[in-house]
Amino acid sequence: MSDVILEMAEKMDKSVDAFKVELAKVRTGRASISIVDGIMVDAYGSSMPLNQVGTLTIPESRMIAIQPWDVQMVPAIEKAILKSDVGLTPISDGKIVRLNIPQLTEERRKDLVKQVKKVAEEFRVAVRNIRREAIDILKKQKKDKEISEDDLFRLQDEAQSETDAYIKLIDEATVAKEGEVMEV
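Every chain is numbered independently, its residues counted from 1 as its sequence is written. Side-chain atom pairs in this predicted model are given and counted only at pLDDT of 80 or more, local residue features only at pLDDT of at least 70, and totals for whole chains, interfaces and linings cover all residues. By convention in this description, side-chain values take in all heavy atoms of the structure and omit both hydrogens and water.

Brief notes about the nonpolar core
Reasoning step 1: Of all hydrophobic cores here, the largest spans 30 residues; its most connected members are M8, F19, L138 and I170.
Reasoning step 2: Think of it this way: any DSSP run of H or I at least four residues long counts as a helix, any run of E at least two long counts as a strand, and we number them from the N terminus. At the level of elements, helix 1 (3-25), helix 3 (106-143) and helix 4 (149-182) are the ones that each hand at least two residues to this core.
Reasoning step 3: Only heavy atoms matter for contacts: two residues are in contact if any of them lie within 4.5 Å across the pair. In contact with M8, not counting residues within four places along its chain, are I130, R131, A134, A159 and E162. Only buried residues count toward a nonpolar core. Its members are Ala, Val, Leu, Ile, Met, Phe, Trp, Tyr and Cys residues joined through side-chain atoms within 4.5 Å. To sort residues, take the accessible area from a 1.4 Å probe on protein chains only and compare it with the maximum for the residue type: under 20% means buried, over 50% means exposed, and anything in between is partly exposed.

Digging into the environment of R128
Reasoning step 1: Within the element layout of this structure, R128 appears in helix 3.
Reasoning step 2: The exposure class assigned to R128 is partly exposed, which follows from its relative accessible area of 31%.
Reasoning step 3: Between the C-alpha atom of R128 and that of G87, which follows or precedes it by 41 residues, the distance is 33 Å.
Reasoning step 4: In this view, R128 contacts E121 and I167; residues no more than four positions away in its chain are not counted.

A few points about the layout of surface pockets
Reasoning step 1: Space inside the largest pocket adds up to approximately 380 Å³.
Reasoning step 2: Cavity: a set of points on a 1 Å grid over the protein atoms alone where a 1.4 Å probe fits but cannot get out. Pocket: an open set with protein on both sides within 12 Å along at least five of seven lines, its lining residues, like those of a cavity, having an atom within 4 Å of a point. As for the largest pocket, its lining consists of 14 residues, of which K25, V26, D85, V86 and Q115 are closest to the centre.
Reasoning step 3: If you list the elements that add at least two residues to the lining of the largest pocket, you get helix 1 and helix 3.
Reasoning step 4: Here the lining of the largest pocket takes four residues from helix 3, the largest share from any one element.
Reasoning step 5: Only Asp, Glu, Lys and Arg are considered charged, only Ala, Val, Leu, Ile, Met, Phe, Trp, Tyr, Cys and Pro nonpolar, and every remaining residue, Gly among them, polar. Residue composition of the lining of the largest pocket, grouped by class: five nonpolar, three polar and six charged. Grid points are joined across faces, edges and corners, and a volume is the space filled by probe spheres set on the points.

Describing the sheet that holds strand 3 (residues 54-60)
Reasoning step 1: What makes two strands pair is DSSP finding at least two bridges between them. Here we have four strands laid out as an open sheet, ordered 3-4-6-5, and antiparallel in their pairing. Whereas interior strands pair on both sides, the edge strands pair on one side only; in this sheet they are strand 3 and strand 5 (90-92). Within this sheet the neighbouring strands show an average axis-to-axis angle of 25 degrees, counted without direction.
Reasoning step 2: Judged from the five bridges that link them, strand 3 and strand 4 (residues 63-68) form a sheet pairing that is antiparallel. Considered in strand 4, the bridge of G54 is made with P68. Convention adopted: a line fitted to C-alpha atoms gives each axis, helices being fitted over their contacting stretch, and angles between N-to-C directions are expressed from 0 to 180 degrees.

Re the packing of helix 1 against helix 3
Reasoning step 1: Across the interface, helix 1 lies against helix 3 with an axial gap of 10 Å and an inter-helix angle of 170 degrees. Taken as axis vectors, helix 1 and helix 3 run roughly antiparallel relative to one another.
Reasoning step 2: Looking at the contact of helix 1 with helix 3 residue by residue, the class counts come to 17 nonpolar, two polar and four charged. When an angle is under 35 degrees it counts as roughly parallel; over 145 it counts as roughly antiparallel; between 65 and 115 it counts as roughly perpendicular; any other value is oblique.

Here is the structure:
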C-alpha cells in the first residue's frame, strides 16, 4: 500500500473515531456521562471541564450525580449546566448536583434519529473528501511521473475500497445508535 493510501486510512480512522464521540453525545433514554462532556464550569477564575471540578457518577439508570470537590462550586456547576445545550435541569441539595434524564417521547426519539442520521451523513462526506484529496495527490504523482497509470488505477481502487469500509463502519454505528435511541 502506498503512503498516500495509508495516510488516507489514518485520517478516515480519526474521522470514524470523531463520529463515535459525536454519537455518544446524542442523548438516549439512559444516563451517560458523555451527555455532560463539553460542559465548561467557571471555576477559580478560569473555565474548566465539568469532570475536573467534581466526581460524576450514575447512581440510577436515569440520573447523573455530580459531587463537586469544593461545595462552593455547586452554584457554578448548576449555572454551567443551565447554560449548556443538554436540555437538563440540575437539582441540588447544596452538596450534590443531580440531573434526572426524562423519558423520551416518541416525537423526541424520531428527532434524535434524524439528528443521528444528519451527523452520520456529515462524517460520510468527510470520509469521501479525504478519499478525494488522496486521489488528487495520486493524480499529481502520475502527472509528475512518480507513479505509472496502472499504479494510479490500482491505488484509486484501493482508496475506494478503504472508503467503502469506513463508510460501512459509520453506517453500522448509525444503525446501532438508532436502535438505542428508539429503545423504550
